[in-house]
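Single-letter residue listing:
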Amino acid sequence: MLSPSIFCGRSSVEPHIKTMSKKALAGVRVLEYAQFVAGPYCGKLLADLGAEVIKIEEPEIGDEARRRGPFLHDVPDPEYSALFLYLNTNKLGITLNLKSATGIDMLKDLIADADILIEDKPLQMMREFGLNFGILEAINPRLVMTSITPFGQTGPYAEYKAYPLNTAHSAQLAYLTPYGSPYPDREPLKLGGMSGEHICGLTAATGTLAALHARRITGLGQHVDVSKQEAMLDMARMWAVQYPNDRVSASRMQNMSGMSILVPCTNGHVVVSLHEIHHWRAIVQIMGNPEWSQNKLYDDSRERMMRFQTEIGPHIAEWVKNQTKEELYRAGQEANCPITPVMSAEDVANSEQYKARGFFVEVEHTTGQKITLAGAPYRFSKTPWTIERSAPLLGQHNGLIGCWRETRTEQRLGEVRRKGKKRTVKYPLEGVRIADFGFAWAGPQAVGLLARMGAEVIKVESHTRIDHSRILSLTTGTVFGEIDRSLVFGDLNMNKLGITLNLGHPKGVELAKELIKISDVVAQNMRPGVMDRLGLGYEALREINPNIIMLSLSALGMTGPQRNYIGYAPAFGALSGLSYITGYADHSPAILLGEMDLLSGTTGAFAILAALVHKQQTGEGQHIDLSCTEAISVLIGDVLMDYTMNGRIQFRKGNQDEYMAPHNCYRCKGDDKWISIAVATDEEWGAFCKVVGHPEWTHDSRYADALSRWQNQKELDKLVSIWTLKHTHFEAMEMLQRAGVAAVPSFNSEDLYHNPHLRERNYWIEIDHPLVGKQTVAAPPWRLSRTPARITRHGPLLGEHNDYVFGELLGLSKSEIVSLVEERVIY
């Protein structure tokens, strides 16, 4: 947090700078030596929660995002790039020439007093500058250094070149997009906009806060290694682990939408999801009970899932086509059936729900211009999120460098005097207990990530309300024979303990309260109002545990006129604006599935960690209201700003970039094998032409410079494909990477399981399951050098830890437990 002395008499020069109000991360100093999207988004997430983030840019050139559009009124200006403005709120900005010894020394001086360093530079560059973690740790043993690179700090791909297109295709999610593609010969696609890079930034911020939490216990920092490939693969891991466990390699040509379907209507598209029996009965009633719907097989969830795409879906499409998306949305929600419009940036900006929750915020640019930005998906009850400063001008705060060092030294001395004795921990969240009332994917993902960090997570279920991921997976299209054999449930709930507790019984609610009394966090993703009606709402829990942290995830948040609207993962993608911009330019938007749940859950994990860090300092708990739909909208903040600044509605562009060409996925030798290739500079273009045996292309007027290549990219793509078809995707990658060209296959799950890079990084882990036997799972999406996250235990069997929780933790006798089992309280 900035103190008045930091200005050293310069307040008249910088009158617009405000002291940050009380925030969850107040007092945390962050240096951000990163550019474009992933690293700056990591820094933004911390800055917007109160950390003092100092952004370091190169003199004159600045962050690459400054040179990317969209620009205000379409006038290129490095101070008015929507991408830069969105990613750098609440930061202070300085420039350092790190090619000079003086610049390096100044950076090291700043690092000596920093809590966190975020960097995204090539490994070789950091070594040459003397900025590797071993050196910086000696300067500041308390430093948390987060490195965000395409493939991590180790492994055979560690120094491979990759642009966002390449890292997106390295992680299978792109290989699967668009689901149910009607074009088997067309290329796989990345998610729309720069959303993949935002995912990497979110994952990095989550790992960073875990390391900060550990540092406040141990007094020691550590290195957080974030591989963009692994960060995005964490969102696709449910499909990825199908290959090692079931020898299934999913493809986008399969329709994996389960009981969700995207269909056109008169003014766009809607997503219809019929996950539960009451959804099915509701839509049948809305449609007027047509004769075809009376098939009794459709009342069985497994039968309905198997027949949905081929039998039920076409009838629904016929019914939908002559209605508007607004009519369908209203009719569906009134009947408690999730029919969801696919919303554009315009729709999102004008949404009554987003307006009521204050999602969009107006910020005054340093020049006085008012700018409207996308906000945050969470509401903290004690440490509210706000944007208090617009993104800095290039080098705006250079004059304050000396003052920061002086002020920070004073703060550090005070901190040392206040802190007690440090202790050693194996895991970053060791000693934290979480009561998990989550189900399906989003809630379990949030606390599942924290369980991998060492938190003791106790999952609450009952025979009256079994988590349906134990029975079937709508996303992967899997039906499980027994409730304790579900690989999907096991993955989402690894490292957790499991109890059965009937919350429909008053004694069950009282036992839940006893558990919450001894917990640090409660997490739940029931519809708004359900926990309150059970007597387990936040206000009730505060009375029994005043310092409790409670996370409430819901489709649209706990407030606003649509707070009670029902929605699942496909709805989050549709309502957020991301579905609208994902897909082929000449085809319908893409339906987005379980990855939307996992993204929402990861956002929840980050929010809990921020609250835990705040609680470490103050002892204060709080309530976190998280909208799963807003958690997706924040991934396309620049797209939404293009509408708020320029009135432009961005459309689908496939793999196309605004500046780079070639920039696409190209077919290779083999069945459905593809490679992503991205060329940014004339030097890379020359190297590419040499590898493919056509150096004369560098002199062809159609391809001689970046603008010409971009203008003629359709013809260029055809030429590139002629070469890639002669090689396997691995051969093409190796030849191009040796020449310094960014080329990475669009990997499927079989490729990834056998991948030598992931193997060397020990990404695939085998655990023992008492019923399934050996189960292959994916490693956590960050590597912490001192307190690594680990997977130590399979997902709990139903009620597996009743004796430990009710007996050892809550102190019930064996006879009391037996009696409660007989009463179906522990049930």
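Residues numbered from 1 in each chain as written. Predicted model: local features only at pLDDT ≥ 70, side-chain atom pairs only at ≥ 80, totals over all residues. Heavy atoms only, no water.

Peer 1: Help me get a handle on the pattern of salt bridges, residues and values and all.
Peer 2: Pairing between side chains of opposite charge can happen when the charged atoms of each approach one another. Evaluation of the coordinates by the stated rule reveals 51 salt bridges. Note that glutamate 823 is salt-bridged to lysine 507, the shortest N-O span being 3.0 Å. Residue glutamate 823 is found in the segment after helix 33 (814-822), and its partner lysine 507 is found in helix 19 (residues 506-517); the two are separated by 316 residues along the sequence. One continuous salt-bridge network, built from bridges that share partners, spans Glu32, Lys55, Asp63 and Lys91. (Salt bridge = Lys/Arg side-chain N within 4 Å of Asp/Glu carboxyl O. Helix = DSSP H or I, 4+ residues; strand = E, 2+ residues; numbered from the N terminus.)

Peer 1: So, the side chain of serine 579: which residues are in play, and what are the values?
Peer 2: The topology assignment puts serine 579 in the loop between helix 22 (569-576) and helix 23 (594-618). Given the relative accessible area of 1%, serine 579 is considered buried. Engagement of the side chain of serine 579 in a polar contact is seen with the backbone oxygen of alanine 590, the distance being 3.1 Å. (Buried < 20%, exposed > 50% of the residue type's maximum accessible area, 1.4 Å probe, protein only. Polar contact = N/O pair within 3.5 Å; in protein donor to acceptor, adjacent residues only side chain to side chain.)

Peer 1: Residue-level account of the packing of helix 1 (residues 38-47) against helix 7 (residues 195-218), with values.
Peer 2: The contact between helix 1 and helix 7 brings their axes to 7 Å, and the two run at 50°. Judged by the angle between their axes, helix 1 and helix 7 are oblique. In terms of crossing hand, the pair formed by helix 1 and helix 7 is right-handed. Each of Ala38, Tyr41, Cys42, Leu45 and Leu46 in helix 1 lies in contact with helix 7, whose residues at this interface are Glu197, His198, Cys200, Gly201, Leu202, Ala204, Ala205, Thr208 and Leu209. Split by residue class, the contact of helix 1 with helix 7 holds ten nonpolar, three polar and one charged. (Axes fitted to C-alpha atoms, helices over the stretch in contact; angles between N-to-C directions. Parallel < 35°, antiparallel > 145°, perpendicular 65-115°, else oblique. Left-handed = near helix turned anticlockwise from the far one by under 90°. Contact = heavy atoms within 4.5 Å. Nonpolar A, V, L, I, M, F, W, Y, C, P; charged D, E, K, R; others polar.)

Peer 1: How would you sum up the environment of lysine 370? Please name residues and give values.
Peer 2: Turning to its location among the elements, lysine 370 is positioned in strand 11 (residues 370-374). Residue lysine 370 is classed as partly exposed on the basis of its relative accessible area of 46%. Ignoring sequence-local partners within four residues, the contact set of lysine 370 consists of Glu362, Val363 and Glu364. For lysine 370, the side chain forms a polar contact with the side chain of glutamate 364, separated by 3.5 Å.

Peer 1: Summarise the packing of aromatic side chains; cite the residues concerned and give the values.
Peer 2: Two aromatic rings are characterised by how far apart their centres lie and by the angle between their planes. Applying the stated rule across the entire model yields 21 aromatic pairs. Ring centres of tyrosine 183 and tyrosine 584 lie 5.9 Å apart, and the angle between their planes is 75°; on these two criteria the pair is classed as edge-to-face. Of this pair, tyrosine 183 sits in the loop between helix 6 (164-169) and helix 7 while tyrosine 584 sits in the loop between helix 22 and helix 23, and the two are 401 residues apart along the sequence. Taking the relative accessible area as the measure of exposure, tyrosine 183 reaches 28% and is therefore partly exposed. Taken together, the ring pairs in this structure connect Trp685, Phe688, Trp697, Tyr703 and Trp723 into an aromatic cluster. Above the face of the tyrosine 86 ring, lysine 44 is positioned so that its terminal group lies 4.6 Å from the ring centre. (Phe/Tyr/Trp six-rings, centres within 6.5 Å; stacked < 30°, edge-to-face > 60°. Lys NZ or Arg CZ within 6 Å of the ring centre and 35° of its normal.)

Peer 1: Describe the sheet that holds strand 22 (residues 674-678), with residues and values.
Peer 2: Sheet architecture is open: three strands sit in the order 21-22-23, paired in antiparallel fashion. The sheet is open, and its two edges are formed by strand 21 (663-667) and strand 23 (742-745), each paired on a single side. Across the sheet, the mean angle separating the axes of adjacent strands is 25° when strand polarity is ignored. Sheet analysis places strand 22 next to strand 23, joined by four bridges and oriented antiparallel. Note on strand 23: the bridge partner recorded for alanine 678 is alanine 742. Together, strand 22 and strand 23 form the strand contacts of helix 29 (residues 729-738), whose direction differs from that of strand 23 by roughly 160°. (Pairing = 2+ DSSP bridges.)

Peer 1: So, the sheet that holds strand 6 (residues 222-227): which residues are in play, and what are the values?
Peer 2: Pairing is mixed in the open sheet, where seven strands are placed in the order 3-2-1-4-5-6-26. Sheet topology places strand 3 (91-95) and strand 26 (783-784) at the edges, where each strand pairs with a single neighbour. Judged from the six bridges that link them, strand 5 (residues 144-149) and strand 6 form a sheet pairing that is parallel. In the sheet register, methionine 145 faces strand 6, and the bridge partner there is histidine 223. Sitting on the sheet, helix 3 (residues 101-112) is in contact with strand 1 (29-33), strand 2 (52-57), strand 3 and strand 4 (116-119), with an inclination near 150° to strand 1.

Peer 1: Please set out the nonpolar core residue by residue, giving values where relevant.
Peer 2: Membership of the largest hydrophobic core comes to 173 residues, with the highest contact counts inside it found for Leu46, Tyr378, Leu450, Phe606, Ile677, Phe688 and Trp764. Among the elements that line this core, the one with the most residues is helix 23, at twelve residues. When residues no more than four places from it in sequence are discounted, the contact partners of phenylalanine 688 are Ile677, Trp697, Val720, Leu736 and Val741. (Core = buried A, V, L, I, M, F, W, Y, C linked by side-chain atoms within 4.5 Å.)

Peer 1: How would you explain the pairing of strand 5 if you had to name every residue and give the values?
Peer 2: Among the six residues of strand 5, six are classified as buried, and the element is accordingly described as predominantly covered. Residues Val144, Thr146 and Ile148 of strand 5 are buried on one face, and the alternating residues Met145, Ser147 and Thr149, pointing to the opposite face, are buried as well. Bridge count between strand 4 and strand 5: four bridges; the pairing is parallel. Residue pairing for strand 5: isoleucine 118 is matched across the bridge by threonine 146.

Peer 1: Describe unusual backbone geometry, with residues and values.
Peer 2: Cis geometry marks the peptide bond from glycine 69 to proline 70; its omega dihedral reads 0°. Here the residue pair alanine 661 and proline 662 is connected by a cis peptide bond, since its omega of 0° sits within 30 degrees of zero. Checked against the element boundaries, proline 662 lands in the loop between helix 25 (637-646) and strand 21. The phi angle at alanine 440 is positive, at roughly 65°, despite the residue not being glycine. We note that asparagine 762 has phi near 55°; this positive angle belongs to a residue other than glycine. Relative to the helices and strands, asparagine 762 is located in the loop between helix 31 (756-760) and strand 24 (764-769).

Peer 1: Describe the packing of helix 7 against helix 23, with residues and values.
Peer 2: One way to put it is that helix 7 packs onto helix 23 with a least axis distance of 9 Å and a crossing angle of 25°. Taken together, helix 7 and helix 23 sit at an angle that is classed as roughly parallel. With respect to the hand of their crossing, helix 7 and helix 23 are arranged in left-handed fashion. Between helix 7 and helix 23, the contacting residues are Ile199, Leu202, Ala205, Thr206, Leu209, Ala210, Leu212, His213, Arg216 and Ile217 on the first element and Leu599, Thr602, Thr603, Ala605, Phe606, Leu609, Ala610, Leu612, Val613, Gln616 and Gln617 on the second. A breakdown of the residues in the contact of helix 7 with helix 23 according to their chemical character gives 14 nonpolar, six polar and one charged.

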